[in-house]
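# Remarks on the overall topology
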Amino acid sequence: MMAMGLPRLVAFAFALLLVSILPLHVSLAGEVTSIESVPDLQKLMYVVVDGYPCVRLLNLSGEIGCSNPGLNKVVAPIIKLKDVKDLVQPHTILVTADEMEDFFTRVSSDLSFASKIGGVLVESGSNFQQKLTGFSPDKKFPQAQFSPYENVDYKWNSAASSIMWKKYNFPVYLLSESGISAVQEILSKKKMKHGTYTSDVAEFNMVMETTKAGTHNSEACLQEGTCLPLGGYSVWSSLLPISPSSSNNRKPIVLTVASMDSASLFRDKSFGADSPISGLVALLGAVDALSRVDGFSNFKKQLVFLVLTGETWGYLGSRRFLHELDLHSDAVTGLSDTPIETVLEIGSVGKGLSGGINTFFAHKTKVSSVTNMTLDALKIAQDSLASKNIKVLSADTANPGIPPSSMMAFMRKNPQTSAVVLEDFDTKFVNKFYHSHLDDLSNINSSSVVAAASVVARTLYVLASEDKDASNSALGSIHVNASFVEELLTCLLACEPGLSCNLVKDYISPTNNCPGNYAGVILGEPSSKPYLGYVGDVSRFVWNFLADKTSVHKGNTTSVCSKGVCSKTDEVCIKAESNKEGACVVSTTRYVPAYSTRLKYNDGAWTILPQNSSDSMGMVDPVWTESNWDTIRVRVYTVQHSAYDNTVLVAGITVTTLAYIGILAAKSLITKALKQD
């Protein structure tokens, strides 16, 4: 009886073990033909997800942005936000773009809910732009503390949510298109699995150095070396070049300004198509058109072009530029002793097209004869472009003042500044995705940018020449190259071709294809002649482009420059990156470091200067820094539940025990049988 029952018991135990192991063999057999190395096994188990991180930023009073809460990776099961009910343990929440504002608002107001957030994956794409009426993570009045007027409660940005200015103690990651596919694939496989013994998890390696060191404001992290100041390099150039020897006969300056940096909740997904890159492209398109015009040497005004960076983070570029003018530094040689008569800033101009007409609004700083002169020049430019369906209107006088722009820094420095800011909006932003990752190429119209560039080019011609005849044949001959503008937009606002486009590669060798347009951090000692490895791709391109288009060639010849250096002081070396040998041209084009006026670099370290009551903007300067970080990586994979592991363990112990008992029983039976024989 015992001899018959024991084999059955052992067989049942082994069958239980096989059932517990079989699904693993089936899944492996179904997905992998062979595993020949550890990397093959890792690829099977872990999927690295592409995307864009939200990182930790700091100022004098605290932190914003995102980080792992501790020193280790975060691993948490993935759940869609719409499936969230009562979370018992931290989860990775999969959020779509149209759910972002409500989700992050709830996180900030519901601490119990926030404590159950292990990490966030954001699913977005161009299709969400059609679904959303607007999404801007910035404030209703961006950087209101720098306003030159008192009404800081005015709502320029009606789509504002302010979520990018909050602190989140969990990692947040915007998925790329391939990242979305990877996550969706792993989630879809779970639906096909019959058992409930596994979970799909996301692993976030987004540990910030400031979190490790416990340095939670800019002063502390700069002292400990766990962060770097936000900033970069602005660029200015003059048409024609300014001769250092003619300081007594310099012409009044007409300064044209645009910005090259934007922001969003996600560090490397800050295209800023309408705000501000459309303005930058319009400026470069105007420069390209003016470079083909003769006779500038006979004009009464000097044209100077200024492209700023760091404007999103306390107007770093404009404030530093004005400070360098006060210091008469090498970065502004040729400008510091010459009066700036008027300023034309090109803001957001990518959404001016409506009903077949491109309409722009001129926001003026104050009523003066010089400001009226600029407004008159805009009107003359408009009239000369009558066949192009372009309108330039004066902004509503009920506005509290100029909109958020670099001119705010100019006005705070000198309230008498005569300036006009050209925008595609009147009383409030028409860009519903201001400082959002959704402000991309699909959010603007290239014809609007071409129209703005045309108006700017002809306006600058009128201001420089003081020729007010709209029918002037020379004025009518100034044409913006629409193909150039369209190509430049794809270079600066898309990853394909991105900065690897022929236009950019003709001037520089880009380090990245995707133009993030985030200001970044300033590396090394600030200088008007920086190490180019510390200068961003877009800044280097703008410098080379402006140096080329505003240059003159003595005797119509150019000399070759080796190692980026020219022998003559009035020459600069262009295209040295893209060609083995660059070309020396006569041009006044300079880099200007862009960083907080409250910072000083000395002996390889940054220190914060005491407040100066005479510097009103320095008194409210947040002094933004970005935390250092080693590696940012997100992976998704499947894990077994611990309960399932425990079941397998118990089954294994049971089988082993029964097998041992069976061996003892069999041994006893065999021994008895041998004795009977």
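Residues numbered from 1 in each chain as written. Predicted model: local features only at pLDDT ≥ 70, side-chain atom pairs only at ≥ 80, totals over all residues. Heavy atoms only, no water.

For the rest of this paragraph, the subject is the overall build of the protein. Scanning the protein from terminus to terminus reveals 19 helices and 27 strands. Within the protein, the proportion of its 677 residues that are buried is 52%. Restricting to contacts in the protein with at least 6 residues of sequence separation, those with at least 24 account for 80%. If you sum the accessible surface of the protein, you get close to 30,400 Å²; carbon and sulfur atoms cover 52% of it. (Helix = DSSP H or I, 4+ residues; strand = E, 2+ residues; numbered from the N terminus. Buried < 20%, exposed > 50% of the residue type's maximum accessible area, 1.4 Å probe, protein only. Contact = heavy atoms within 4.5 Å. Areas by Shrake-Rupley, 256 points an atom, 1.4 Å probe, with all protein chains shown as cover.)

The full count for this structure, using the stated rule, is 25 aromatic pairs. Here the aromatic residues F103, F104, F113, Y168 and F170 are joined through ring pairs into a cluster of three or more. One Lys or Arg, R106, reaches over the ring of F113 and ends 3.7 Å from the middle of that ring. The cationic tip of K139 hangs over the ring face of W165; the distance from NZ or CZ to the ring centre is 5.3 Å. (Phe/Tyr/Trp six-rings, centres within 6.5 Å; stacked < 30°, edge-to-face > 60°. Lys NZ or Arg CZ within 6 Å of the ring centre and 35° of its normal.)

Okay, helix 9 (residues 273–290) next. Along an α-helix, residues three or four positions apart point the same way, because every turn accommodates 3.6 residues. With 18 residues, helix 9 extends 24 Å from end C-alpha to end C-alpha; this agrees with the ideal 26 Å at 1.5 Å per step. Taking burial as the measure, the 18 residues of helix 9 include 18 buried ones, the bulk of the element. (Expected span 1.5 Å × (residues − 1).)

A full pass over the atoms with the stated rule returns 21 salt bridges. For E466, the salt bridge is made with K300, and the minimal N-O distance between the two is 3.6 Å. Within this pair, whereas E466 is found in the loop between helix 13 (446–465) and helix 14 (473–476), its partner K300 is found in the loop between helix 9 and strand 14 (302–308), the two being separated by 166 residues in sequence. Note on K300: relative accessible area 52%, which makes it exposed. Notably, a salt bridge pairs E324 with R320, separated by 3.2 Å at the nearest N-O pair. Residue E324 and its partner R320 are located together in helix 10 (residues 316–327), separated by 4 residues, close to a single helical turn. The exposure class assigned to E324 is buried, which follows from its relative accessible area of 9%. (Salt bridge = Lys/Arg side-chain N within 4 Å of Asp/Glu carboxyl O.)

Before going further, it helps to examine the side chain of N358. You can see N358 is positioned in strand 17 (residues 357–364). A relative accessible area of 6% places N358 in the buried class. Separated by 3.3 Å, the side chain of N358 and the backbone nitrogen of L353 make a polar contact. Excluding residues within four positions of it along the chain, N358 makes contact with G352, L353, N389, I390, K391, S447, S448 and A451. (Polar contact = N/O pair within 3.5 Å; in protein donor to acceptor, adjacent residues only side chain to side chain.)

Attention now goes to the sheet that holds strand 21 (residues 571–574). One open sheet accounts for 3 strands, arranged 20-22-21; its pairing is antiparallel. Edge positions in the sheet fall to strand 20 (559–561) and strand 21, since each of these pairs with one other strand and no more. The sheet shows a mean angle of 45° between the axes of neighbouring strands, taken without regard to direction. (Pairing = 2+ DSSP bridges. Axes fitted to C-alpha atoms, helices over the stretch in contact; angles between N-to-C directions.)

This part covers the sheet that holds strand 6 (residues 91–96). With respect to topology, 8 strands assemble into an open sheet ordered 1-27-10-5-6-7-9-2, the strand pairing being mixed. At either margin of the open sheet sits one strand with a lone partner, and together these are strand 1 (46–48) and strand 2 (51–53). Strand after strand, the sheet turns through a mean of 30° between neighbouring axes, direction not considered. Pairing geometry for strand 2 and strand 9 (residues 172–175), over 3 bridges, is antiparallel.

Moving on to the nonpolar core. The biggest cluster of nonpolar side chains holds 90 residues, and the ones touching the most others in it are L290, L303 and F541. Element by element, the count of residues in this core is highest for helix 13, at 13 residues. Among residues more than four places away in sequence, those in contact with L303 are S237, S238, L239, V254, L290, F296, L460 and A464. Membership of the second largest hydrophobic core comes to 44 residues, among which are F135, L230, A263 and W624. (Core = buried A, V, L, I, M, F, W, Y, C linked by side-chain atoms within 4.5 Å.)

To continue, consider the layout of surface pockets. One number sums up the size of the second largest pocket: a volume of about 1,000 Å³. R267, D268, N512, G516 and Y518 are, among the 42 residues lining the second largest pocket, the residues nearest its centre. Put simply, the parts of the chain that give the lining of the second largest pocket at least two residues each are strand 2, strand 12 (232–239) and helix 17 (537–549). Partitioning the lining of the second largest pocket into residue classes produces 21 nonpolar, 13 polar and 8 charged. (1 Å grid on protein atoms, 1.4 Å probe; cavity = no way out; pocket = protein on both sides within 12 Å on 5 of 7 lines; lining within 4 Å. Points joined across faces, edges and corners; volume = space filled by probe spheres on them. Nonpolar A, V, L, I, M, F, W, Y, C, P; charged D, E, K, R; others polar.)

For the rest of this paragraph, the subject is unusual backbone geometry. Of note, the bond from S275 into P276 is cis; its omega dihedral lies within 30 degrees of zero at 10°. In this fold, P276 is placed in helix 9. For the bond from E496 to P497, the omega torsion is 0°, close enough to zero to count as cis. If you check the backbone angles, N517 has positive phi at about 65° while not being a glycine. For N517, the position within the fold is in the loop between helix 16 (502–505) and helix 17. At K575, a residue that is not glycine, the phi angle is positive and equals roughly 60°. As for its placement among the helices and strands, K575 is situated in the loop between strand 21 and strand 22 (582–586).

Right, let's get into empty space enclosed by the protein. By rolling a water-sized probe across the atoms, one finds the places where empty space is left. What the rule picks out here adds up to 2 cavities of 30 Å³ or more. In this structure, the largest cavity encloses a volume near 280 Å³. If you trace the largest cavity, you find 21 residues lining it, with S259, P276, P404, S405 and Y434 closest to the centre. Those elements that place two or more of their residues in the lining of the largest cavity are strand 13 (253–259), helix 9 and strand 15 (340–346). Estimates place the volume of the second largest cavity at around 120 Å³.

The analysis is restricted to geometry; functional conclusions fall outside its scope.
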